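The chain contents come next:
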Amino acid sequence: AQDHALLAARLAKSEKRVVIHVFNDKSAEIVQATEDDVEIFLDITKPSANGDAEEEANGITKTTAKLEEAYATAVSYFSTVFGRSLRPYHISASDAPTILLVTLGGLLIDSQAELPSDVASLSISLLRPFPAAGILGLIPPSVTRIIVLERVYKRTTKWTPLYLDVVSALQGSEDDHRPEVLSATLGEISPQDFGQTLQAFLEGLSSSSPLLLGTLP
């Protein structure tokens, strides 16, 4: 969360845009950063993809490609300054999984060691611009079903935002590999019960009831 907060702060300054940083409110190891390194990283006179100051001044909207370039540049500079990397997504998979669980952030990272061999987990840290091409390249060809898990407990629409992003990415792909995509709610799960809860969830995928992994708070 700390690293992504710094990244969000730099992007907000360099691109002159509102950047929303969402993170899990839970204890995690904090890697200390010196004040000097933070100041260097947040100094937007240092390397940035935003080289067109006049374009911004004229109010011309940047394209998604330029926002992606700005993100990539900031991530690269973060690695240079702090000596560690940031990724917009992370996948944990066996050799040939058939099911892919997709979540925002690291909601399932603590439980990945308990995933069955036929289940993979993909956590996404960047929502806008959505890294569709990179995510598509990570999906193993053996995957036949993608389950998008979101903590949206009171839905006002049938489909959730992340689900629509994933479906849109697959529809825009030239690859003939088109797994089935399901939308599910990610509830509360105690670490000791994760394996059993996940197994029960997977066995109920054919149910006509709304899909829920865990319990509602």
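Residues numbered from 1 in each chain as written. Predicted model: local features only at pLDDT ≥ 70, side-chain atom pairs only at ≥ 80, totals over all residues. Heavy atoms only, no water.

### As for the overall build of the protein chain
This is how it is decided: In this description a helix means any DSSP run of H or I spanning at least four residues, a strand means any run of E spanning at least two, and both kinds are numbered starting from the N terminus. The criterion used for residue contact is that any of the two residues' heavy atoms lie within 4.5 Å. For accessible areas, the Shrake-Rupley method is used with a probe of radius 1.4 Å. Any residue's cover is judged against the shown protein chains and nothing else.
A count of helices and strands for the protein chain gives seven helices and six strands. The order of α-helices and β-strands along the protein chain, N terminus first, is α-α-α-α-β-β-β-α-β-α-β-α-β. Pairs at least 24 residues apart make up 70% of the contacts formed inside the protein chain by residues separated by at least 6 positions. For the protein chain, the exposed surface amounts to about 12,700 Å²; the carbon and sulfur share of it is 52%.

### Some thoughts on the nonpolar core
Our working definition: For this analysis, a nonpolar core means a set of buried residues of the types Ala, Val, Leu, Ile, Met, Phe, Trp, Tyr and Cys, connected via side-chain atoms within 4.5 Å. Whether a residue is buried, partly exposed or exposed follows from its accessible area with a 1.4 Å probe, protein chains only, as a fraction of its type maximum: under 20%, in between, or over 50%, in that order.
Counting 18 residues, the largest nonpolar core has Leu 100, Val 102, Ile 146, Val 148, Val 166 and Val 181 as its most contacted members. When residues of this core are traced back to their parent elements, those giving at least two are strand E2 (99–104), strand E3 (119–124), strand E4 (145–150) and helix H6 (161–171). When residues in this core are grouped by element, the largest group, six residues, is from H6. Ignoring sequence-local partners within four residues, the contact set of Leu 100 consists of Ile 91, Ala 120, Ser 121, Leu 122, Ile 139, Val 143, Arg 145, Ile 146 and Ile 147.

### Regarding the environment of Leu 67
For Leu 67, the position within the fold is in helix H4 (residues 64–82). In this structure the C-alpha to C-alpha distance between Leu 67 and Pro 129, which are 62 residues apart in sequence, comes to 6.8 Å.

### Looking at the side chain of Arg 84
Stated precisely, the cut-off is as follows: Two N or O atoms form a polar contact when they lie within 3.5 Å of each other; inside protein one atom must be a possible hydrogen donor and the other a possible acceptor, and for residues adjacent in sequence the pair counts only when both atoms belong to side chains.
Turning to its location among the elements, Arg 84 is positioned in the loop between H4 and strand E1 (89–92). At a separation of 2.9 Å, a polar atom in the side chain of Arg 84 contacts the side chain of Asp 3. Not counting residues up to four positions away in its chain, the partners in contact with Arg 84 are Gln 2, Asp 3, Val 31, Ala 33, Phe 78 and Ser 79.

### Focus on the sheet that holds E4
To keep it simple, the criterion reads: Strands are treated as partners if at least two bridges between them are detected by DSSP. Here, axes are lines fitted to C-alpha atoms. For helices the fit covers the stretch in contact, and angles between N-to-C directions go from 0 to 180 degrees.
The sheet built from six strands is open, its strands ordered E1-E3-E2-E4-E5-E6 with mixed pairing. Two strands close off the open sheet at either side, each with one partner strand: E1 and strand E6 (211–213). Neighbour to neighbour, the strand axes of the sheet diverge by 30 degrees on average, direction disregarded. Helix H7 (residues 194–203) contacts E2, E3, E4, strand E5 (180–186) and E6 of the sheet and is inclined by roughly 170 degrees relative to E6.

Don't take any of this as a statement about function, it's just geometry.
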